[in-house]
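Chain by chain, the residues run as shown.
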Amino acid sequence: MHPLHDYVVKQLAEKLKERRVVVWYDERGEFRPFVNEMRGGPRAASEPVAVGVAGIKASLAEYAGSLFELRAVIEPLVSGDKPDVLVVYIPGLAHDTKASVLMELEKAGRTWKPELKQLAKNVLLQKYTLGVVDEMLPFDRKVSYEDLARAAAGNSGAEPPSILKSIFHDASGNDGLLTAWLVSDARDAEIVSKEATRELIKLVKARLGLDLVADSPLAKLRAIVLRFVLASEFRLDLSCDAPAALDSVQKPPTKNEEFAVRELARRLRTGHADMYATRADRVEEELGLKNAKLPPGSLGSIDTFRFEERALLRHAGDLIANGKFESALSLVSEREQSFWLDRDVARKAQWEATRRMAELGDLAVQVKAAVGKTSGDAATWLDAYVTQSGSGWFRLDQAQRRLEFVVSKLDEDPDERPLAVVRRAYEDAVHAMAEGFTKALGKAAWTVPSALHQTRTWSEVVSAKPTPVAYFLVDAMRFEMGVELAERLPRTSEVAVRAAVGALPSITPIGMAALMPGASSSFSVVEEKGKLGARIDDAFLPDLAARKKHAAARVPNLVDLALDELLSLQPSKLAKKVEGAQVVVVRSQEIDHAGETGFTFQARQVMDSVIDNLKLAIGKLAKAGVEHAVVSADHGHLFFASDRDESMRTDAPGGDTVELHRRCWIGRGGATSAGCVRVSATQLGYASDLELVFPAATGVFKAGGDLAFHHGGPSLQEMVIPVLTVRTKTRDARPSAGPIEASGLPEAVTNRIFSVTFIYGAKQMLLGETGVQVRPLLMAAGKQVGAMGMAVDAHFDRATGTVKLEPNKRATIAFLLSDESAASVRVVVQDPTTDAELYRSPTDIPVRLGV
């Protein structure tokens, strides 16, 4: 036969395979020649005849004036449980969709009403470009089946085969051909030498509706088409009037051309990103769009041009600055996967910071409203702060820490206005929280009887664990950090988190002593020889040396390690060191040390990395035979973005001062300034004549110490500490995922934020594989020094620091270096269930910040 016949047969066969019966309406009778070809001649009788349809044996029945007669002759073929394969051809009659005589048959099978010109066009497009086909099949010219069959077969009188298709032989379809021409001028010379420019102009007219001047150079034509495509997509995406600069650019005339414009722009972005970015920037500059005054809310869902992303980020900042946090969150969620952000990690980091601003602002409003409605006793305040059902106030502190961590990593400072608004909202909420809790605590005689007190941690938690047990004493770890540590531990671990109320004052010598053995039965805060410390039985514990001596005397076979030392030990040496130990004490001072140094910027980075390093240490000890662990802290902390201003600073009480800190005064006598509260040591249950004075909210004394990071007072953030109990099963941690490969590893880390692309399952795949959840990290000398901060083309779980890699799909991970003192790093991907390594970069990557 010929290509048109073969194509119609193929279409008909597909419909027979679907429903076995096809009722074919041909109102204009255009397909009679085809039906005669299929049957082998004209209709000779009313009875159905046997035909072959692409290898399918079928019966063909044809309408000849009476639908009732037609129904009668086909009834025997369709009356059984499984009807015969049947084609019912009805020429010259329109389909009555409401009262068809064959309605029952049409519903059991399927109705087909093809258009001859469209089917012929599909065939011709295999040989010719769209512009040529449109000339061959003009809308207003009647052509017969025979004419179209000759054209499809390439017989005499038809257009010669497409020259453009031969030049762009590796392009698929008209859109593929146009895309290939727009992205490269490599074939321009061939187009000119083979005189294919006319065909190209026809194709642009047919597909896009754009008129081009035939004698223009191809480079100029390419620039015109690109400008038309990008400007048209931008205009179509707007929900307001287009800027005047676009008046010079022709509009797509019909919906078909509008669709073609969108499709071509999409192909350019997804298949030729580098070229697209360069050309889009050029068109944006030519049209002066960067300075266009457009309402940000009217910008559509597609960021055709770079300026749109920046305008929308400014708009998100404006929303936050005006307290519209939910609207800002919605905007960020809608736009965080745009073309421009996926290509620029630094810009994506700005959006991530904006997301965290909006989250913090939204939480601050919720928490402050809840604080204003809270009027119960101290236990009520404590429960509201620590509940892990989703409404716990501690989430506010978590959101603040996460925001400040991201801000500390930005290469370019974010907009000051929204950042200042959410920082103020946080401070106001914490101020109200601290003021209310301090009052409630005072009314409750400075106790929360229903809660675990810090002094009972050893007797009720640590001593109840099977030995050997690791006891982590983390200086200044807030309750929210403990919750996050629990979330980051392997899912195979048995983890529980509870809150404990810390001893006052919430300073290191007192809080660390309260965690010691014997503290539950005898604990006081006293002065001895001019030093402040805790007394347990007859032991005075003013410092670390005294506490270590006390613990060693109370606990046989105790091993004492610093966190940094533990992480740096080789597994064999660690196993030997803890062999035979009943308790392994692990001390971490990184948080408090970083906060007390006064370098807020570095402190934010350290706080996040300590959580991950605690996780590593717990896993490392488990492999050395110490499966059980208890993690707690001496106190929490308040940490604001900047120093307390003068209005928040209070004169110290004076009198007989034993110690003065930003958040507490310990001594005898002196004055109690407005906004402060005085409590005697005996009221706190201590056998001592000391007195303590605290700012009643979040103010500080005029004393030495940092003005942004401080502790010592009775706020929830300072007094409430986490107590984690962990059991890490020491089964062999075998990788649970297939191969993971990385590309784009930097030769050196020159920015705090950098990206690496991963692909899962590139070499071997399991049937039905749906992807794998992984935790990407940065490691150096056994310690974690960075983590994932953002992801492109993958779902990032911010709470657990994990991302899902889909099979054979690339995902770009943006890493945030948290410890800038690292000389070099390795990129590591872990299984979050077992902590097994699924990938490790082959060599150390040097860190050269500022290069």
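Above this text you will find the structure in question.
Residues numbered from 1 in each chain as written. Predicted model: local features only at pLDDT ≥ 70, side-chain atom pairs only at ≥ 80, totals over all residues. Heavy atoms only, no water.

### Remarks on the environment of Phe 701
- With respect to the helices and strands, Phe 701 occurs in strand S21 (residues 700-701).
- By relative accessible area, Phe 701 is classed as buried at 0%.
- Sequence spacing of Phe 701 and Glu 146 is 555 residues, and the spatial spacing of their C-alpha atoms is 98 Å. (Helix = DSSP H or I, 4+ residues; strand = E, 2+ residues; numbered from the N terminus. Buried < 20%, exposed > 50% of the residue type's maximum accessible area, 1.4 Å probe, protein only.)

### Things to note about the environment of Gly 209
- With respect to the helices, strands and loops of the structure, Gly 209 is situated in the loop between helix H11 (197-208) and helix H12 (218-237).
- Looking at Gly 209, the relative accessible area reads 4%, which means it is buried.
- On a C-alpha basis, the gap between Gly 209 and Gln 250 in space is 9.2 Å, while along the polypeptide they are 41 residues apart.
- Those residues in contact with Gly 209, other than ones at most four positions away along the chain, are Val 204, Gln 250, Pro 253 and Glu 257. (Contact = heavy atoms within 4.5 Å.)

### Concerning helix H16 (residues 325-335)
- Within the sequence span of H16, burial applies to Phe 325, Ala 328, Leu 329, Leu 331, Val 332 and Arg 335. Here the buried residues of H16 occupy an arc of 165° about the axis, which is enough to place them on one side. Counted as exposed and oriented over 90 degrees from the buried face of H16: Glu 326 and Glu 334.
- Where the residues of H16 are buried, they touch helix H15 (306-321), helix H17 (339-343), helix H18 (345-372) and helix H21 (416-443). (Arc of directions from axis to C-beta.)

### Observations regarding the environment of Ala 432
- Secondary-structure assignment places Ala 432 in helix H21.
- Overall, Ala 432 belongs to the partly exposed group, its relative accessible area being 22%.

### Examining the packing of H11 against helix H13 (residues 255-271)
- Here H11 crosses H13 at 110°, and the two axes come no closer than 7 Å. Between H11 and H13, the interaxial angle falls into the category roughly perpendicular. Note on element contacts: H13 touches H11 through Asn 256, Glu 257, Phe 259, Ala 260, Val 261 and Leu 264, opposite Ala 206, Arg 207 and Leu 208.
- Grouping the constituent residues of the contact of H11 with H13 by class yields 6 nonpolar, 1 polar and 2 charged. (Axes fitted to C-alpha atoms, helices over the stretch in contact; angles between N-to-C directions. Parallel < 35°, antiparallel > 145°, perpendicular 65-115°, else oblique. Nonpolar A, V, L, I, M, F, W, Y, C, P; charged D, E, K, R; others polar.)

### Digging into H11
- Under the 1.5 Å per step criterion, the end-to-end length of H11 is 16 Å for 12 residues, consistent within 8% with the ideal 16 Å.
- Here H11 lies mainly inside the structure; 10 of its 12 residues are buried.
- For H11, the full list of buried residues reads Thr 197, Glu 199, Leu 200, Ile 201, Lys 202, Leu 203, Val 204, Ala 206, Arg 207 and Leu 208.
- Looking one or two places after H11, you find Gly 209, whose phi comes out positive at around 75°. (Expected span 1.5 Å × (residues − 1).)

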